[in-house]
Amino acid sequence: MRGVTGSGGARKLARMSDVRGALLRQIKDKAVVHGKVTLSSGLEADYYIDLRRITLDGESAPLVGQVLLDLTEELEFDAVGGLTMGADPVAAAMLHAAAARGRKLDAFVVRKAAKAHGLQRRVEGPEIKGRRVLVVEDTSTTGGSPLTAVEAVREAGAEVVAVATIVDRATGAAEKIQEGAGVPYLFAYGKDELGLD
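Residues numbered from 1 in each chain as written. Predicted model: local features only at pLDDT ≥ 70, side-chain atom pairs only at ≥ 80, totals over all residues. Heavy atoms only, no water.

Participant: Is there a simple way to explain the environment of V150 in this structure?
Facilitator: Within the secondary structure, V150 sits in helix 5 (residues 144-155). C-alpha of V150 to C-alpha of A174: the two residues are 24 residues apart in sequence and 14 Å apart in space. In contact with V150, not counting residues within four places along its chain, are V135, V160, V163 and A181. (Helix = DSSP H or I, 4+ residues; strand = E, 2+ residues; numbered from the N terminus. Contact = heavy atoms within 4.5 Å.)

Participant: Got a minute to help me understand helix 3 (residues 61-71) in this structure?
Facilitator: In an α-helix, one turn spans 3.6 residues, which is why side chains three or four residues apart end up on the same side. Counting buried positions over the eleven residues of helix 3 gives eight, a clear majority of the element. Of all the residues in helix 3, the buried ones are A61, L63, V64, G65, V67, L68, L69 and D70. (Buried < 20%, exposed > 50% of the residue type's maximum accessible area, 1.4 Å probe, protein only.)

Participant: Sorry, what's going on with the pairing of strand 8 (residues 185-190) here?
Facilitator: For a regular strand, side chains alternate in direction, first toward one face of the sheet and then toward the other. Where strand 7 (residues 159-168) and strand 8 come together, five bridges link them in parallel fashion. Within strand 8, the residue paired with T165 across the bridge is F187. After leaving strand 7, the chain enters helix 6 (residues 173-181) and then returns to the sheet as strand 8, a path that is right-handed. (Pairing = 2+ DSSP bridges. Right-handed = clockwise from strand over helix to strand, strands pointing away.)

Participant: When you look at the environment of A158 in this model, what are you seeing that I'm missing?
Facilitator: If you trace the backbone, A158 turns up in the loop between helix 5 and strand 7. In this structure the C-alpha to C-alpha distance between A158 and R132, which are 26 residues apart in sequence, comes to 6.1 Å. If we ignore the near neighbours within four places in the chain, the residues touching A158 are I128, K129, G130, R131, V133 and V153.

Participant: For this particular structure, what's the right way to read the packing of aromatic side chains?
Facilitator: Two descriptors summarise a pair of aromatic rings, namely the distance from one centre to the other and the angle between the planes of the rings. Summed over the entire model, instances satisfying the criterion amount to one aromatic pair. An angle of 45 degrees between the planes, with centres 6.0 Å apart, marks the rings of Y185 and F187 as tilted. For F187, a relative accessible area of 34% puts it in the partly exposed group. Here the guanidinium or amino end of R103 rests over the ring plane of F77, the centre of that ring lying 4.7 Å away. (Phe/Tyr/Trp six-rings, centres within 6.5 Å; stacked < 30°, edge-to-face > 60°. Lys NZ or Arg CZ within 6 Å of the ring centre and 35° of its normal.)

Participant: Help me understand the packing of helix 5 against helix 6 in this model?
Facilitator: Packing of helix 5 against helix 6 brings their axes to within 10 Å, and their N-to-C directions diverge by 20 degrees. With respect to their mutual orientation, helix 5 and helix 6 come out roughly parallel. Relative to helix 6, helix 5 is oriented so that their crossing is right-handed. Contact with helix 5, carried on its side by P146, L147, V150 and R154, involves K176, I177, G180 and A181 of helix 6 and no other residues of that element. Residues belonging to the contact of helix 5 with helix 6 are distributed by class as follows: five nonpolar, one polar and two charged. (Axes fitted to C-alpha atoms, helices over the stretch in contact; angles between N-to-C directions. Parallel < 35°, antiparallel > 145°, perpendicular 65-115°, else oblique. Left-handed = near helix turned anticlockwise from the far one by under 90°. Nonpolar A, V, L, I, M, F, W, Y, C, P; charged D, E, K, R; others polar.)

Participant: Help me understand the packing of helix 3 against helix 4 (residues 88-100) in this model?
Facilitator: Helix-helix packing is characterised by the crossing angle of the two axes and by the distance between the axes. Between helix 3 and helix 4, whose axes approach to 7 Å, the crossing angle comes to 75 degrees. The orientation of helix 3 with respect to helix 4, classified from their angle, is roughly perpendicular. Mapping the contact onto sequence places A61, V64, G65, Q66, L68 and L69 in helix 3 and V90, A93, M94, A97 and A98 in helix 4.

Participant: Could you clarify how one ought to interpret the side chain of E137 in this entry?
Facilitator: Checked against the element boundaries, E137 lands in strand 6 (residues 132-140). Buried and unpaired, E137 has no salt bridge, with R52 as the nearest side chain of opposite charge at 5.2 Å. Those residues in contact with E137, other than ones at most four positions away along the chain, are L83, G86, A87, V90, S145, P146, A164, T165 and I166. (Lys, Arg positive; Asp, Glu negative; His and termini not counted. Salt bridge = Lys/Arg side-chain N within 4 Å of Asp/Glu carboxyl O.)

Participant: Got a minute to help me understand the sheet that holds strand 4 (residues 106-110) in this structure?
Facilitator: Taken in spatial order, the six strands of this open sheet run 5-4-3-6-7-8, and their pairing is mixed. Edge positions in the sheet fall to strand 5 (123-124) and strand 8, since each of these pairs with one other strand and no more. Strands strand 3 (79-83), strand 4, strand 5, strand 6 and strand 7 of the sheet are contacted by helix 5, whose axis makes an angle of about 160 degrees with strand 6. Helix 6 rests against strand 6, strand 7 and strand 8 of the sheet, and its axis sits at about 170 degrees to strand 8.

Participant: Help me understand the pattern of salt bridges in this model?
Facilitator: Side-chain pairs of opposite charge can arise whenever the charged atoms involved come near each other. Taken as a whole, this structure holds twelve salt bridges when the rule is applied. When the shortest N-O distance is used, the salt bridge between R53 and D50 registers 3.1 Å. As a salt-bridge pair, D78 and R131 come within 3.3 Å of each other at their nearest N and O atoms. Taken together, the residues span a long stretch of sequence, with D78 in the loop between helix 3 and strand 3 and R131 in the loop between strand 5 and strand 6 at a distance of 53 residues. Residue D78 is classed as partly exposed on the basis of its relative accessible area of 31%. For R131, a relative accessible area of 16% corresponds to the buried category. A single salt-bridge network, built from bridges that share partners, covers D78, K104, D106 and R131.

Spelled out as structure tokens, the structure:
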């Protein structure tokens, strides 16, 4: 947390640490499911991290917004979103957390395919053309969903400043995103913090 000094800075660090710890406890208690599962990437795992149990939970979702705003506080962006549906509640949580801090932050949704009717947009929400945006996801395994979102928002004329996720499963997403999209990859928690080594 560079740039945080003095007693005000110490209080801010303590608050950030408290919120981060509270969300970690919520994830461990509510979102980690043990047992054989096939992930959206096609990979098999001995556990599943169901972050929709967090991002759609009335107690946990506000923490998500705060933690991801803290994680990305050194970046400049004015809109946040990603591939539906994992990114949608993450972006909404960040939008509301930003408003609580007196900051205006728009959200957007990237469809998996453009609509065949109406405005036929692939990126829904406020216009992002010419804007700096953050692409988010709830959890990343291979990085496929964020990369799809990055491609779509670039086609819509936005500048992607980074990709951020709540939980990184440490299975190659960071490398794939940094190489494939050429942007920083940030995550709030690694699987080791969840006791999933």
